[in-house]
Amino acid sequence: MSDHEESKVETLMEKISEKIKGDDSSSSSSSDSDSESGTTSLKEKVFRIFGREKPVHKVLGGGKPADVFLWKNKKVSGAVLGGATAIWFLFEVMQYYFLTLVSHALILSLAIMFLWSNVTTFINKSPPKIPEVSIPEEPVKEIAAFLRVEINRGFVILRQIALGKDLKQFLCVVAGLWILSILGSCFNFLTLCYIGVVLLFTVPFLYDKYEDKVDPFAEKAVIEIKKQYAVFDAKVLSKIPKGPLGKKKAH
């Protein structure tokens, strides 16, 4: 075989091998795309509580308040929860009054600092360095903005209920208020606030940590609640006579 024919054969073999590689790469890319589309479809089908699409950190407003509730900064979170526990213990267990507690705390702290400052002058030591305490502006703004959004959302829900547009929402709010009234008869306002603080520092943190295990149980619970509501709607709500506005909507 001549050199020219050998070069032609080698060129033909190279083209065949390149074509095979190209087919493999295209098939692998198509399989990758199929797998990616499959994973995205699976991600879309994942059930999340309250239909949320954002992480828990974003749901809580993001920023420093969310970091505190999710224990991203353990020192600050522990200090806030410890302070709330101390306040509840002093007012609820020790039966302190607010003005009495504040006055006694200020008297004690001012007396200690005053005596310490005067003693250091007699023993020729430098006076104590008292830091300047000021409330930072940004965390207060973030907390206020978060509360404003949630309060406005509550007002919108109350307005929709008052307009009589959503019976299901009305029943949920009435049930929630009824449960709150029962809790209010068992605990005083300070204890309820403390329970709310403890839940705020534990439930979001635990859910953020175990959301993959909690969401499937929540999905089953939501399905069961929908079934029970459908039965209740068929047996009770559908038999309630509708007014003129309800008849117009039905038509």
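Rules of the game
- Residues numbered from 1 in each chain as written.
- Predicted model: local features only at pLDDT ≥ 70, side-chain atom pairs only at ≥ 80, totals over all residues.
- Heavy atoms only, no water.
- Helix = DSSP H or I, 4+ residues; strand = E, 2+ residues; numbered from the N terminus.
- Buried < 20%, exposed > 50% of the residue type's maximum accessible area, 1.4 Å probe, protein only.
- Contact = heavy atoms within 4.5 Å.
- Areas by Shrake-Rupley, 256 points an atom, 1.4 Å probe, with all protein chains shown as cover.
- Axes fitted to C-alpha atoms, helices over the stretch in contact; angles between N-to-C directions.
- Parallel < 35°, antiparallel > 145°, perpendicular 65-115°, else oblique.
- Left-handed = near helix turned anticlockwise from the far one by under 90°.
- Nonpolar A, V, L, I, M, F, W, Y, C, P; charged D, E, K, R; others polar.
- Salt bridge = Lys/Arg side-chain N within 4 Å of Asp/Glu carboxyl O.
- UniProt positions renumbered as here; feature names shortened; annotations may be inferred.
- Phe/Tyr/Trp six-rings, centres within 6.5 Å; stacked < 30°, edge-to-face > 60°.

## Here's the deal with the overall build of the protein chain
Secondary structure summary: the protein chain contains nine helices and zero strands in total. Going from N to C terminus, the protein chain has its helices and strands arranged as α-α-α-α-α-α-α-α-α. Across the 251 residues in the protein chain, those meeting the buried criterion constitute 11%. Taking all contacts inside the protein chain whose residues are at least 6 apart in sequence as the whole, residues at least 24 apart take part in 58%. Accessible surface, the protein chain as shown: approximately 20500 Å² in total, 67% of it carbon and sulfur.

## Points about the packing of helix H7 (residues 167–186) against helix H8 (residues 189–235)
Following both chains from N to C, one finds H7 and H8 inclined at 135°, their axes separated by 17 Å at the closest point. Compared by their axis directions, H7 and H8 come out oblique. Viewed along their axes, H7 and H8 form a crossing whose handedness is right-handed. Only Leu192, Tyr229 and Phe232 of H8 make contact with H7, whose side of the interface consists of Lys168, Leu171, Leu183 and Gly184. Within the contact of H7 with H8, the residues separate by chemical class into five nonpolar, one polar and one charged.

## Observations concerning the pattern of salt bridges
Within this structure, the stated rule accounts for two salt bridges. A salt bridge links Lys141 to Glu137; its shortest N-O distance comes to 2.8 Å. Highlighted residues: Lys141 and Glu137, both in helix H6 (residues 137–162), separated by four residues, approximately one helical turn. Note on Glu137: relative accessible area 51%, which makes it exposed. Glu150 is paired through a salt bridge with Arg153; the nearest N and O atoms lie 3.6 Å apart.

## Topic: the packing of H6 against H7
Where H6 contacts H7, the axes come no closer than 9 Å and their chain directions differ by 120°. As H6 runs across H7, the sense of the crossing is left-handed. Only Gln169, Phe170 and Val173 of H7 make contact with H6, whose side of the interface consists of Ile157, Gln160 and Ile161. Looking at the contact of H6 with H7 residue by residue, the classes come out as four nonpolar, two polar and no charged.

## Observations regarding the UniProt feature "transmembrane region" (unreviewed entry) in the protein chain
Mapped onto this structure's residue numbering, the UniProt feature "transmembrane region" (unreviewed entry) falls at residues 76–91, 97–116 and 167–183. Taken end to end, residues 97–116 has its terminal C-alpha atoms 29 Å apart, with 95% of it in helix and 0% in strand. The span residues 167–183 is 100% helical and 0% strand by assignment, and the distance between its end C-alpha atoms comes to 24 Å.

## A short note on the packing of aromatic side chains
Aromatic rings in a pair are described by how distant their centres are and how their planes are angled relative to each other. Enumeration according to the criterion identifies three aromatic pairs in this entry. Relative to Phe201, the ring of Phe69 lies with its centre 5.5 Å away and its plane at 80°, an arrangement referred to as edge-to-face. Of this pair, Phe69 sits in helix H3 (residues 63–69) while Phe201 sits in helix H8, and the two are 132 residues apart along the sequence. Between Trp88 and Tyr194, the ring centres sit 5.1 Å apart and the planes meet at 10°, which makes this aromatic pair stacked. Of this pair, Trp88 sits in helix H4 (residues 74–93) while Tyr194 sits in helix H8; the two residues are 106 residues apart in sequence, bridging distant segments of the chain.

## Focus on unusual backbone geometry
Although it is not a glycine, Trp71 sits at a positive phi angle of roughly 60°. By the secondary structure assignment, Trp71 is in the loop between H3 and H4. For Trp71, a relative accessible area of 24% corresponds to the partly exposed category. Even without being glycine, Gln95 reaches a positive phi, approximately 60°. Along the polypeptide, Gln95 turns up in the loop between H4 and helix H5 (98–122). Gln95 sits in the exposed class, given a relative accessible area of 54%.

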